[in-house]
2 protein chains.
Amino acid sequence: MNATIELLLNHRSIRSYLDKPLTEEQIHAIVQSAQAAATSSYVQAYTIIGITDQQVKDKLAELSGNQAYVAKNGHFFVFCLDLHRLELAAKLNGELTEKAEQTLGSTEMFMVGLIDTALAAQNAAVAAESIGLGICYIGGLRNELPAVAKLLQTPKRVIPLFGLSVGYPANLSDIKPRLPLLNVYHENSYIQNQEQLDQQLRDYDRDISSYYAERTNGARNDRWTESMSKLLQNPKRLFMKQFLEENKIPLD
Amino acid sequence: MNATIELLLNHRSIRSYLDKPLTEEQIHAIVQSAQAAATSSYVQAYTIIGITDQQVKDKLAELSGNQAYVAKNGHFFVFCLDLHRLELAAKLNGELTEKAEQTLGSTEMFMVGLIDTALAAQNAAVAAESIGLGICYIGGLRNELPAVAKLLQTPKRVIPLFGLSVGYPANLSDIKPRLPLLNVYHENSYIQNQEQLDQQLRDYDRDISSYYAERTNGARNDRWTESMSKLLQNPKRLFMKQFLEENKIPLD
């Protein structure tokens, strides 16, 4: 095991930061690292918005469900899927044709943009952690996505996907145990043995339940499948399809 | 700049590998690194299929548009978005309700799964590169996605998203220059000055054109916006929406 893999395995979300802003040099190193990630057909289909205006941070914190670490951190990035730039590229070449519009509105192109943006973001996260900073992804940014898009003035075909809080950790949280490797990693085909998959989840449930119980003096002992099942009972952000459509990503 | 950031900035796709398989220890370190990535609400919505059967690799290479490095590498991973496991979690708790089905079929949940899978994959890529291996993402895996899903026997709600070839590099490709940092990184809101964005793209076009010309003795001098515009003229994988629907991800 080398230092980089150790760094990756040592990840935990940090939700409390010292009051110390990142330097411009750090911010640029993080953004350049993001840009260095692989990109599908060179499309680089993302834009990163860094928030330096405290009022904007406060508003984003409110829109994300009042998460303090969205307002208080060393720096806050918003990762946006960006198909607007590709539209510009076509325009600059006088080729914003019906075919180009069809590509830009397709489910496939949306997937490409999502994947591109997430690969870039994870490089940013790793870069930040490598210089001793903590990070937390903020999916809650999508809670009130239309308001977030308005606040950040994103044009059509640009979708803010998630935030990334970065800063000097005020305290370290625990590393949360992941699913058993053999539940996540299959060989040559998806495991067809349902009993085996169920058993792995039951074992994991037991581990997670003890993990919570130990850390809360028994106050909490949720099993993983229980938490997941609960999560599924509350469909979230059901406006998404319509929001994408209004932003010229009809998912055709 | 530290060693990890240097590693990230040094990324290039490797498309030719020595005939030397990865060890099980290396494979497990890569998968564990993938699992250590952040995951939205702990869902861990992915499964990774490692291909050891050469016949399966050959078939995947064929289905991905005859890319040799899908068949010839040190190891080949397929990263799948997996909402099937969450369905199991609900079932194990006797709660595969209408609400749960609604969550599983939503555009939002699809985005969560895509992002989770991509974050994990990028950690895998970084881990592999940190031990001196080269990698190449294979989006071409989606060219014939229904056939790939059949070959890998993925159940409903599991979508193979892309492959990741890994191996000892046979030769190093060049690092491809990215968009200007200030075109990708905005502050506080999306840049509203269209002339500025256009100018950045024109500057980048010039750089990329020289980049290609230098490396091909002038045989190639594509500008970036030109390549992007060309790409958009050929809508790809338009079956995607229907394929997702057939796999119980209707994107509601």
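Residues numbered from 1 in each chain as written. Chains lettered and ligands numbered in written order. Predicted model: local features only at pLDDT ≥ 70, side-chain atom pairs only at ≥ 80, totals over all residues. Heavy atoms only, no water.

**Observations regarding the packing of aromatic side chains**
One pair of aromatic rings is described through two measures. These are the centre distance and the angle between the planes. Worth spelling out the cut-off: Ring pairs shown here join Phe, Tyr and Trp side chains whose ring centres sit within 6.5 Å, with only the six-membered ring taken for Trp; geometry is labelled stacked below 30 degrees between planes, edge-to-face above 60, and tilted in between. Note on classification: 1.4 Å probe, protein chains only; a residue is buried when its accessible area is under 20% of the maximum for its type, exposed when over 50%, partly exposed between these limits. Placement of a positive charge over a ring is assigned whenever Lys NZ or Arg CZ falls within 6 Å of the ring centre and within 35 degrees of the normal to the ring plane.
Enumeration over the complete set of coordinates arrives at 12 aromatic pairs over all chains. Both rings, one in Y211 of chain A and one in Y212 of chain A, keep their centres 5.5 Å apart while their planes meet at 70°; by these two values the pair is edge-to-face. Ring centres of F77 of chain B and F79 of chain B lie 6.4 Å apart, and the angle between their planes is 45°; on these two criteria the pair is classed as tilted. No difference in accessibility class separates F77 of chain B from F79 of chain B, as the two residues are buried. Every member of this aromatic cluster is reached through a ring pair, and the members are F77, F79, Y137 and F162 of chain A together with Y185 of chain B. A cation sits over an aromatic face here: K20 of chain A above Y168 of chain A, 4.3 Å from the ring centre.

**A short note on the interface of chain A and chain B**
For the record, the criterion: Working rule for contacts: check all heavy atoms of both residues, and any pair within 4.5 Å makes them a contact. Put simply, buried area is how much 1.4 Å-probe accessible surface two parts lose in total, over both of them, once they are put together. Salt bridge criterion: a side-chain nitrogen from Lys or Arg within 4 Å of a carboxyl oxygen from Asp or Glu. Identification of polar contacts relies on pairs of N or O atoms within 3.5 Å, with a donor-acceptor requirement for protein atoms, meaning one able to donate a hydrogen and the other able to accept it, and with residues adjacent in sequence counted only if both atoms are side-chain atoms. Only Asp, Glu, Lys and Arg are considered charged in this grouping, and only Ala, Val, Leu, Ile, Met, Phe, Trp, Tyr, Cys and Pro are considered nonpolar; every other residue, Gly among them, is considered polar. When DSSP finds at least two bridges between two strands, those strands are taken to pair. Per the convention used, a helix needs a DSSP run of H or I reaching at least four residues, while a strand needs a run of E reaching at least two, with both numbered from the N terminus.
Of the residues lining the interface, 118 residues belong to chain A; the matching set on chain B comes to 118 residues. Summing the contributions of chain A and of chain B, the shared interface buries around 10400 Å²; its carbon and sulfur component is 62%. The tally of links between chain A and chain B comes to four salt bridges. R237 of chain B is the salt-bridge partner of E108 of chain A, the closest N and O atoms lying 2.6 Å from each other. Between the two partners, chain A and chain B, sit 62 residue pairs in polar contact (both at pLDDT 80 or more). Taken together, the residues of the side of chain A that touches chain B break down into 63 nonpolar, 36 polar and 19 charged. Pairing geometry for strand β5 (residues 185-187) of chain A and strand β1 (residues 46-51) of chain B, over three bridges, is parallel.

**Concerning the UniProt feature "domain: Nitroreductase" (unreviewed entry) in chain A**
The condition that has to hold: UniProt positions are given in the numbering used here, feature names are shortened, and annotations may be inferred rather than shown by experiment.
UniProt annotation of "domain: Nitroreductase" (unreviewed entry) refers to residues 10-168 of chain A when read in the numbering used here. Regarding residues 10-168 of chain A, the helix share stands at 46% and the strand share at 18%, and the terminal C-alpha atoms are separated by 15 Å.

**A look at the environment of I138 of chain A**
All names here are of chain A. On the secondary structure map, I138 appears in strand β3 (residues 134-138). Through-space distance from the C-alpha of I138 to that of F76 is 9.9 Å; in sequence the pair is 62 residues apart. The contact partners of I138, leaving out residues within four places of it in the chain, are S64, Q67, Y69, V70, F76, F162, G163, L164 and S165.

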